[in-house]
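# Structure assessment
Spelled out from the first residue to the last, the chains are:
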Amino acid sequence: MKAGTRSKTGVCLCYIEDILDPDLLNIVKKEIEAIDADSITAADQGLVEYITGQGYNPFPFVRYTERPDVAAVHILEGYLVIIVDTSPSVIITPTTLFNHVQHPEEYRQPPGVGTLLRWMRFFGILISFLIVPFWLLLVEHQNLVPPVLDFIGLEEELEDFPVFVQIPHC
């Protein structure tokens, strides 16, 4: 396909016909055909902005890769891979949180090791979301702190500021 009225940037949609959802393919084709711009600047990122119309959603709709093995695996798994002329990376869509936690080296490991590594990443993400609220709970409710963790808390309480603002000073 071509995108941009003046630049006519080459866009290639890569997929396996009987695996990819045909509705997704039709939506992406219509969005690319509807691009009304002289040129697509920033190649792949510019195309993604036209296709997704993300708005205020903070989560990514696409994933990028420069690795041909990752692109091939995603095509075999039923994803749409978009190659844009002049860009070293390709676009993989649709994407989920699981895709962003996935690492290409998982395919080079035995299945048990790859699964363990992925679960460790998920556990690390979960801990990173929960550790500050847990610390805040223990600081505000000192009676819940076991003797082993008595070092948790503020060295001195500043009455003018809430505890959450005092976190960097601990």
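The structure contained in this document is the topic of the report that follows. Just so you know, these numbers come straight off a predicted model, no measurement behind them.

What follows covers the overall build of the chain. On a plain count of helices and strands, the chain comes out with 6 helices and 5 strands. Overall, the chain shows an N-to-C arrangement of helices and strands of β-β-α-α-β-α-β-β-α-α-α. Burial statistics for the chain: of 170 residues in total, 34% are counted as buried. For the chain, restricting intrachain contacts to residue pairs at least 6 apart in sequence, the fraction spanning at least 24 positions comes to 55%. Accessible area of the chain: about 11,600 Å², with a carbon and sulfur share of 62%.

Residue Thr93 is joined to Pro94 through a cis peptide bond whose omega torsion reads -10°. Unlike most non-glycine residues, Lys8 shows phi in positive territory, near 50°. By the element assignment, Lys8 lies in the loop between strand 1 (2-3) and strand 2 (9-14). Accessibility expressed as a relative area gives 48% for Lys8, which makes it partly exposed. The phi torsion at Thr86 lies on the positive side, around 75°, for a residue other than glycine. With respect to the helices and strands, the residue Thr86 is situated in the loop between strand 4 (80-84) and strand 5 (90-93).

In this section: the layout of surface pockets. Approximately 210 Å³ is the volume found for the largest pocket. As for the largest pocket, its lining consists of 13 residues, of which Leu24, Val28, Ile51, Thr52 and Thr93 are closest to the centre. Looking at the lining of the largest pocket, the elements with two or more residues in it are helix 1 (22-33), helix 2 (43-52) and strand 5. Top element by residues in the lining of the largest pocket is helix 1. It accounts for 4 residues. Its residues assigned to classes, the lining of the largest pocket comprises 10 nonpolar, 2 polar and 1 charged.

Here we come to the packing of aromatic side chains. Geometrically, a pair of aromatic rings is defined through the distance of the ring centres and the angle of the planes. Per the stated rule, a full pass over the model turns up 1 aromatic pair. On the numbers, 5.9 Å between centres and 50° between planes, the contact of Trp119 with Phe122 is tilted. Of this pair, Trp119 and Phe122 both sit in helix 5 (residues 111-140), separated by 3 residues, roughly a single helical turn. Relative accessible area serves as the criterion here: at 57%, Trp119 is assigned to the exposed category.

When you tally the buried positions in strand 4, you get 4 out of 5 residues, the bulk of the element. Two strands pair when backbone bridges link them, and strand 2 and strand 4 are joined in this way by 4 bridges, in the antiparallel orientation. By the bridge assignment for strand 4, Cys14 is matched with Val81. Where strand 4 lies against strand 5, 4 bridges are found, and the strand directions are antiparallel. Note that in strand 5 the partner of Ile83 across the bridge is Val90. With antiparallel pairing between neighbouring strands as the criterion, strand 4 and strand 5 make up a hairpin whose turn holds 5 residues, including Thr86 at a positive phi of roughly 75°.

Rules used in this analysis
- Residues numbered from 1 in each chain as written.
- Predicted model: local features only at pLDDT ≥ 70, side-chain atom pairs only at ≥ 80, totals over all residues.
- Heavy atoms only, no water.
- Helix = DSSP H or I, 4+ residues; strand = E, 2+ residues; numbered from the N terminus.
- Buried < 20%, exposed > 50% of the residue type's maximum accessible area, 1.4 Å probe, protein only.
- Contact = heavy atoms within 4.5 Å.
- Areas by Shrake-Rupley, 256 points an atom, 1.4 Å probe, with all protein chains shown as cover.
- 1 Å grid on protein atoms, 1.4 Å probe; cavity = no way out; pocket = protein on both sides within 12 Å on 5 of 7 lines; lining within 4 Å.
- Points joined across faces, edges and corners; volume = space filled by probe spheres on them.
- Nonpolar A, V, L, I, M, F, W, Y, C, P; charged D, E, K, R; others polar.
- Phe/Tyr/Trp six-rings, centres within 6.5 Å; stacked < 30°, edge-to-face > 60°.
- Pairing = 2+ DSSP bridges.

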